[in-house]
Amino acid sequence: MVELLAQTCLNALYAASYMSLVAVGLVLIFGVMGVINFAHGELFMLGAYVVVSLYADLQISFLFAVAVGLVFVGLVGLGMERALFRPLRTNPLGGLVASIGFLMILQALAVMGFGVRMEHVPPVTQQVIAFSDKVHLAMPRLFVIVAAVVLLTALWAFLTKTRFGWALRASAQDPEAAALQGISINQTSRIAMFIGAGLAGVAGALTAPLVSVNPHMGHSVIVTAFIVIIVGGVGSLEGAVVAAVAYSLVHTFVTTFYDGVIADIVGLSLMLLVLIVKPTGLFGTADRA
Amino acid sequence: MPRAASHTAGWLVLAALLIALPHALSFSQQEVLVFLTINVLLVASYRLLTLTGEWSLGHVVIMGVGAYASALYSKQLGIYVPVSMILGALTAVLVAMVLSYPLFRMKGFYFLIGSFAAGEIIRLLWKRFRDPFGGPKGIKKIDPMPDFDIGIYSFDFFEPVSYYYFALAVVALSLWVMWRIERSPVGLTFHAVHWQDKLAQSAGVDVRAYRTRAFLIASGFAGLSGALLAHYIGTINPNSFDVELMVFVLTWAIVGGTATFYGPILGCVVLSILNEVVLRELGFEQMRPFIYGLLLICSVLFMPKGLESVVQYFMRRRPGNAVAKAQRTGGPAQYEAERGTET
Amino acid sequence: MSGHFLQIDKLVMRFGGLTAVDDLSFVVEEGAIHGLIGPNGAGKTTTFNMISGFYRPTGGTVRLRGEPISGLPMHEVARRGVVRTFQHSTLFAELTVLENALVGTHMNFRPGIVSAILGLDAENRRGARDRAEEALEFFGLLEFAGELAGELPHGHQRALGMAVAMAAQPDVILLDEPFTGMNPEETRQMMELMFKLRDSGVTILLVEHDMHAIMGLCDRITVMSFGRFLAEGGPQEIRTHPDVIEAYLGGGRHVA
């Protein structure tokens, strides 16, 4: 029994890792730009397909493919900022709708480029760390966990120790005051969008060998991301990480003891509960919504 | 009154056109026509919801509730199909009533996400429980409408044309009811709740009750459209009512514009024709989500007031300012006209 | 008789650590024009919001004819006969003037959906329209019935706000700074309208900074300062009240 619990915890840790990357990216975009990026799941998918093209099809090094995934999707994010969110800055609902439109476009492009079937990316290594007979962690999964920790730490350092990071946080707190201080809204939006999208893309790239890659994989990612950021609190980065861990634990446990669909239902119901009782979430700050 | 007479003449011409239309179309086009009719009801019901300012992302799932309910009532309980359709619509209202308790404690963005979550939960329930919902495969072999004869026309529901006439009648009646509601004091209150809910409240309007009312009515009609769909295609599954359809509805509403009653209907008709004529003929059917995504983006960026604003622009240039005014606000010009007929 | 008409009894409003209103008590007599004044930040609007149901008081009660109305939602308070206007021209800008007034008639000509659909509510609608037109006429706005509310000149917009409130046939109207931004002529006209309103049987409680209007209109004035009750009396008393003068002079304002 202990072993089952331990294994479930390891599974949850892995899921929490890539979900926190996605959720933190979403919160960053919402916090700095005030807009909800519905296409975030598709950015995740894009990162996965980058790995499919470079690593699986062209045999380029996995690590390099992941890095390209991060940068490429980050650039797509920049494009979104310029073309969609900036002109609609005064109309957040319009921005949301535009991101829904972009989601459709990305999905259609994936279908046209890769077809509807699921891609299988061979994992870099088949090695497994065995803690005991029944408890083990596949190396690729460990890699995801480590990568997530590294990236989130780097982000934390960026936000607290660099000039740009301070600018981002100031914009998130009070955009007008930040503008008065000479912080350019355009610049902070660009940075936030690049990082936010990049995080989603790198999460997709990292997990590509471990999940089935298909054009519709973004759907469950965005739903989970919403649950996580609502429960964690829409303005809070720390909340997103904590909620990602908590949600993954709950979801993995319920999946293990019941099934995945029930776990999804539980997760969504949890989100509804939070929305009813405390809409600002566990760590919620003054909300921009 | 010359204006009233020309209005009636206009409606008669439209009715005649709609009745004659299927005979000019090929079989597959007739099928598309049936879907178009059902979608018009769906999008008009969505518009009623947006009248109070609520943009729900769970609306097509409520359509699905009506579909599943009507399918199950007729299949499992042997209820006569037209009756099961009505029961299906009522079931949708019931589900909406249950959902309204949690959902209407949320405003704006939270309502959006909450309605999305509620819709997903329902779809997951359909997927998970093969009994009674049929699981991922859904429900097959749904009972069709029973054939009947009204003298001047014999409804043979094997033919899309018959189903089209049937659906047309149901949808026309539903649209008339929704129109009447919008033009009534209730409709005015919906508008008031949308724009200044604090002011409405201070005048004694129970804002939450009105929002709920709009939600329930819209859900009823959405459920009805779902029932119409179910008994036409004969099979439904959770993917029939997924995010993709919701995005289509959103696109129709936004492209058409939601300020007028006909805006979303216009959006639906124009885009559906576009889909058929352009996409299918040119073989770009695969690109449909892409085109819709692009349309959605362009619409929000460049034509935020929707197609209806184009129509209104042309209408305003016609002589007879009162007509334009009535079209724009619908309110007092209407009342003034009514007062004129009473004295 | 069940005591006082509109009784504000030891009202308290706390927002987190901040006490905006502290232990406020006063009484508004039926048929009076009662003023609520005080320097900026005295808590007047907060008090208004508590009476109208926009805020739930942290402590104390508001009673109408002996029955507590504090803590009720706004529409319930309105149904009991207390209607308010808003400081910023809050109107249904997208609707016409007549439609705005019609919203005010909502409570008394409650529409039923089914009869509305079937067209059986003609009598109800006529009654509502008559009432709305009456309210518009009272404020001299009937000629603008078909105009969009958002396009009216400022003074007319404020009058429309009051017409909407009046269409609801209230017993008490709470007027939130009705004279803001008005020139002397408009102020004079508005004062006349208010007398007319009072004469038609409506009790008025108003928050206002314009001393000329307050002194000219009110039967009784309650003065607040820093969230607390400061003084109460007729215009003459208040004008010469040493505490009141100090409260205003302290903020650099003149009393009359």
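Residues numbered from 1 in each chain as written. Chains lettered and ligands numbered in written order. Predicted model: local features only at pLDDT ≥ 70, side-chain atom pairs only at ≥ 80, totals over all residues. Heavy atoms only, no water.

Looking now at the overall build of chain C. Helix and strand counts for chain C come out as 10 helices and 10 strands. The C-alpha radius of gyration of chain C comes to 19 Å, within 12% of the 18 Å expected for a compact globule of 256 residues. Summarising its shape, the C-alpha atoms of chain C cover approximately 65 × 40 × 35 Å along the three principal directions. Counting across all 256 residues of chain C, residues that qualify as buried make up 57%. Here the analysis covers contacts within chain C between residues at least 6 apart in sequence; of these, 65% occur between residues at least 24 apart. When the accessible area of chain C is evaluated, it comes to approximately 10600 Å², of which 50% is carbon and sulfur surface. (Helix = DSSP H or I, 4+ residues; strand = E, 2+ residues; numbered from the N terminus. Rg over C-alpha atoms; globule rule 2.2 N^0.38 Å. Buried < 20%, exposed > 50% of the residue type's maximum accessible area, 1.4 Å probe, protein only. Contact = heavy atoms within 4.5 Å. Areas by Shrake-Rupley, 256 points an atom, 1.4 Å probe, with all protein chains shown as cover.)

Scanning chain A from terminus to terminus reveals 11 helices and 2 strands. Mapped in sequence order, the helices and strands of chain A form the string α-α-α-α-β-β-α-α-α-α-α-α-α. For 289 residues, the compact-globule formula gives about 19 Å, and the C-alpha radius of gyration of chain A, at 19 Å, lands near that figure. A principal-axis box enclosing the C-alpha atoms of chain A has dimensions of 60 × 45 × 35 Å. Here chain A holds 289 residues, and 53% of them are scored as buried. Partitioning the contacts of chain A with sequence separation of at least 6, the portion at a separation of at least 24 is 76%. Accessible surface, chain A as shown: approximately 12200 Å² in total, 69% of it carbon and sulfur. In chain A, 12 side chains carry a positive charge and 12 a negative one; their mean positions are 11 Å apart. (Lys, Arg positive; Asp, Glu negative; His and termini not counted. Charge placed at Lys NZ, Arg CZ, Asp CG, Glu CD.)

This paragraph deals with the interface of chain B and chain A. Counting from both sides, the interface comprises 35 residues of chain B and, opposite them, 39 residues of chain A. In this assembly, chain B packs against chain A so that about 3200 Å² is buried in total across both faces, 88% of it on carbon and sulfur atoms. On the surface where chain B and chain A come into contact, there are 1 salt bridge. For the interface between chain B and chain A, the tally reads 2 residue pairs in polar contact (both at pLDDT 80 or more). (Buried area = accessible area lost by both parts, 1.4 Å probe. Salt bridge = Lys/Arg side-chain N within 4 Å of Asp/Glu carboxyl O. Polar contact = N/O pair within 3.5 Å; in protein donor to acceptor, adjacent residues only side chain to side chain.)

This part is about helix α7 (residues 184–199) of chain C. Residue and element names in this part refer to chain C. For α7, with 16 residues, the first-to-last C-alpha span of 23 Å sits near the 22 Å given by 1.5 Å per residue. Turning to α7, its buried residues are Thr187, Met190, Met191, Leu193, Met194 and Leu197. Down the axis of α7, the smallest arc covering the buried residues is 165 degrees, so these residues share one side. Those residues of α7 that are exposed and angled more than 90 degrees off the buried face are Pro184 and Asp199. Here the buried face of α7 lies against β3 (33–37), α5 (122–138), α6 (154–167), β7 (172–176), β8 (203–207) and α8 (211–217). Between the side-chain oxygen of the N-cap and the backbone nitrogen of Glu185 there are 3.1 Å, and the N-cap of α7 in question is Asn183. Count one or two residues on from α7 and you reach Gly201, which has phi positive near 105 degrees. (Expected span 1.5 Å × (residues − 1). Arc of directions from axis to C-beta.)

Moving on to the sheet that holds β7 of chain C. Strand pairing within a sheet occurs via backbone hydrogen bonds; the two strands may be parallel or antiparallel. Residues and elements named next belong to chain C. Spatially, 6 strands are ordered β6-β7-β8-β3-β9-β10 in an open sheet, and the strand pairing comes out mixed. For this open sheet the edge positions go to β6 (82–84) and β10 (228–233), each flanked by a neighbour on one side alone. Strand-to-strand, the axes of this sheet are offset by a mean angle of 20 degrees, without reference to chain direction. With 4 bridges connecting them, β3 and β8 associate as parallel partners. What sits directly across from Gly35, in β8, is Leu206. Strands β6 and β7 of the sheet are contacted by α6, whose axis makes an angle of about 155 degrees with β7. (Pairing = 2+ DSSP bridges. Axes fitted to C-alpha atoms, helices over the stretch in contact; angles between N-to-C directions.)

As a general feature of sheets, a regular strand has side chains that alternate between the two faces. Bridge count between strand β9 (residues 220–225) of chain C and β10 of chain C: 5 bridges; the pairing is antiparallel. Paired with Ser225 of chain C across the two strands is Arg228 of chain C, which belongs to β10 of chain C.

Attention now goes to the interface of chain B and chain C. It is common to give the size of an interface as the accessible area that goes away when the parts come together. In this complex, chain B contributes 34 residues to the contact, which on the side of chain C involves 35 residues. With both chains or domains summed, chain B and chain C bury close to 3300 Å², and 67% of this area falls on carbon and sulfur atoms. Linking chain B with chain C are 0 salt bridges. Applying the counting criterion to the chain B and chain C interface returns 4 residue pairs in polar contact (both at pLDDT 80 or more).

Let's shift gears to the environment of Arg47 of chain B. All names here are of chain B. When you line up the elements, Arg47 lands in helix α2 (residues 27–51). Overall, the relative accessible area of 2% leaves Arg47 in the buried class. Along the sequence, Arg47 and Leu12 sit 35 residues apart, while their C-alpha atoms lie 25 Å from each other. Ignoring any residue separated from it by four or fewer positions in sequence, one finds Arg47 in contact with Glu182, Thr258, Ala259, Thr260, Phe261 and Pro264.

Fair warning: the whole summary comes from geometry, so function is off the table for now.
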